[in-house]
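The residues making up each chain are set out below.
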Amino acid sequence: MDLSVYFKSIVDSDPTRVIVCDLNHTIIYMNPAASRFYESRGVHLLGGSLLDCHSSDSNDKIKAVVKWFGESRDNNRIFTFYNPKENKDVYMSALRNENGTLIGYYEKHEYRTPETAEPYVSGGESILH
């Protein structure tokens, strides 16, 4: 069974931005949430360098994190910063092949805003109670 279709579907349905880079910092994938966000601002990032989107200080930090990922197979996720304007945390996570070799990384934005949607209901009653 080819699970790649399922994994892509999971990332594509994520309402938060996910940006995947190779070890040269080339943006090789953006989920729909990331594409919509950046394209609405007139920016096309796919195929470009993530380093072109950040300050030199941020670039140094990105490179340091990728170096840290490469130092141990246990170094796989790191909190990079909190953005109070958007009330979100940003993380970087290592991507590894089946042998555990570092092949890239991704940046994930996670919002702290509490969910406001009503819980799923069946027959007029919530199945969660």
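Below you will find a few notes about this structure. Nothing here was measured: the structure is a model prediction, and the numbers come from that model.

What counts, and where the lines are drawn
- Residues numbered from 1 in each chain as written.
- Predicted model: local features only at pLDDT ≥ 70, side-chain atom pairs only at ≥ 80, totals over all residues.
- Heavy atoms only, no water.
- Helix = DSSP H or I, 4+ residues; strand = E, 2+ residues; numbered from the N terminus.
- Polar contact = N/O pair within 3.5 Å; in protein donor to acceptor, adjacent residues only side chain to side chain.
- Contact = heavy atoms within 4.5 Å.
- Phe/Tyr/Trp six-rings, centres within 6.5 Å; stacked < 30°, edge-to-face > 60°.
- Buried < 20%, exposed > 50% of the residue type's maximum accessible area, 1.4 Å probe, protein only.
- Lys NZ or Arg CZ within 6 Å of the ring centre and 35° of its normal.
- Core = buried A, V, L, I, M, F, W, Y, C linked by side-chain atoms within 4.5 Å.
- Pairing = 2+ DSSP bridges.

Note that aspartate 89 resides in strand E4 (residues 88-96). Within polar-contact distance, the side chain of aspartate 89 engages the side chain of arginine 112 at 2.8 Å. Not counting residues within four places of it along the chain, the set of residues in contact with aspartate 89 comprises Phe79, Phe81, Tyr82, Lys108, His109, Glu110 and Arg112.

Summed over the entire model, instances satisfying the criterion amount to three aromatic pairs. Their ring planes at 85° and their centres at 4.8 Å tell us that phenylalanine 37 and tyrosine 38 sit as a pair that is edge-to-face. Phenylalanine 37 gets classed as buried once you look at its relative accessible area, which sits at 18%. Residues tryptophan 68 and phenylalanine 69 carry aromatic rings whose centres are separated by 5.7 Å and whose planes lie at 45° to one another, so their mutual orientation is tilted. Taking the ring centre of phenylalanine 37 as reference, the NZ or CZ of arginine 17 above it sits at 3.5 Å. Here arginine 77 stacks its cationic end above the ring of tyrosine 91, 3.8 Å away from the centre of that ring.

For the rest of this paragraph, the subject is the environment of leucine 102. Turning to its location among the elements, leucine 102 is positioned in strand E5 (residues 102-111). Between the alpha carbons of leucine 102 and alanine 117 there is a distance of 38 Å; along the sequence they are 15 residues apart.

Core analysis: the largest hydrophobic core is formed by 18 residues, its most contacted members being Ile19, Ile27, Met30, Leu50, Phe69, Met92 and Tyr105. Of all elements in the fold, only strand E1 (18-22), strand E2 (27-30), helix H2 (32-39), helix H3 (56-71), E4 and E5 reach the threshold of two or more residues within this core. The biggest single contributor to this core is H3, with four residues. Each residue touching methionine 92, except ones within four places of it in the same chain, is listed here: Ile62, Val65, Val66, Phe69, Asn76, Arg77, Ile78, Thr80, Tyr105 and Tyr106.

As a further point, take the pairing of E2. Note: E1 against E2, three bridges, orientation antiparallel. Counted as the bridge partner of cysteine 21 is isoleucine 27 from E2. In sequence, E1 turns back onto E2 through a hairpin of four residues, with histidine 25 there showing a positive phi of about 70°.

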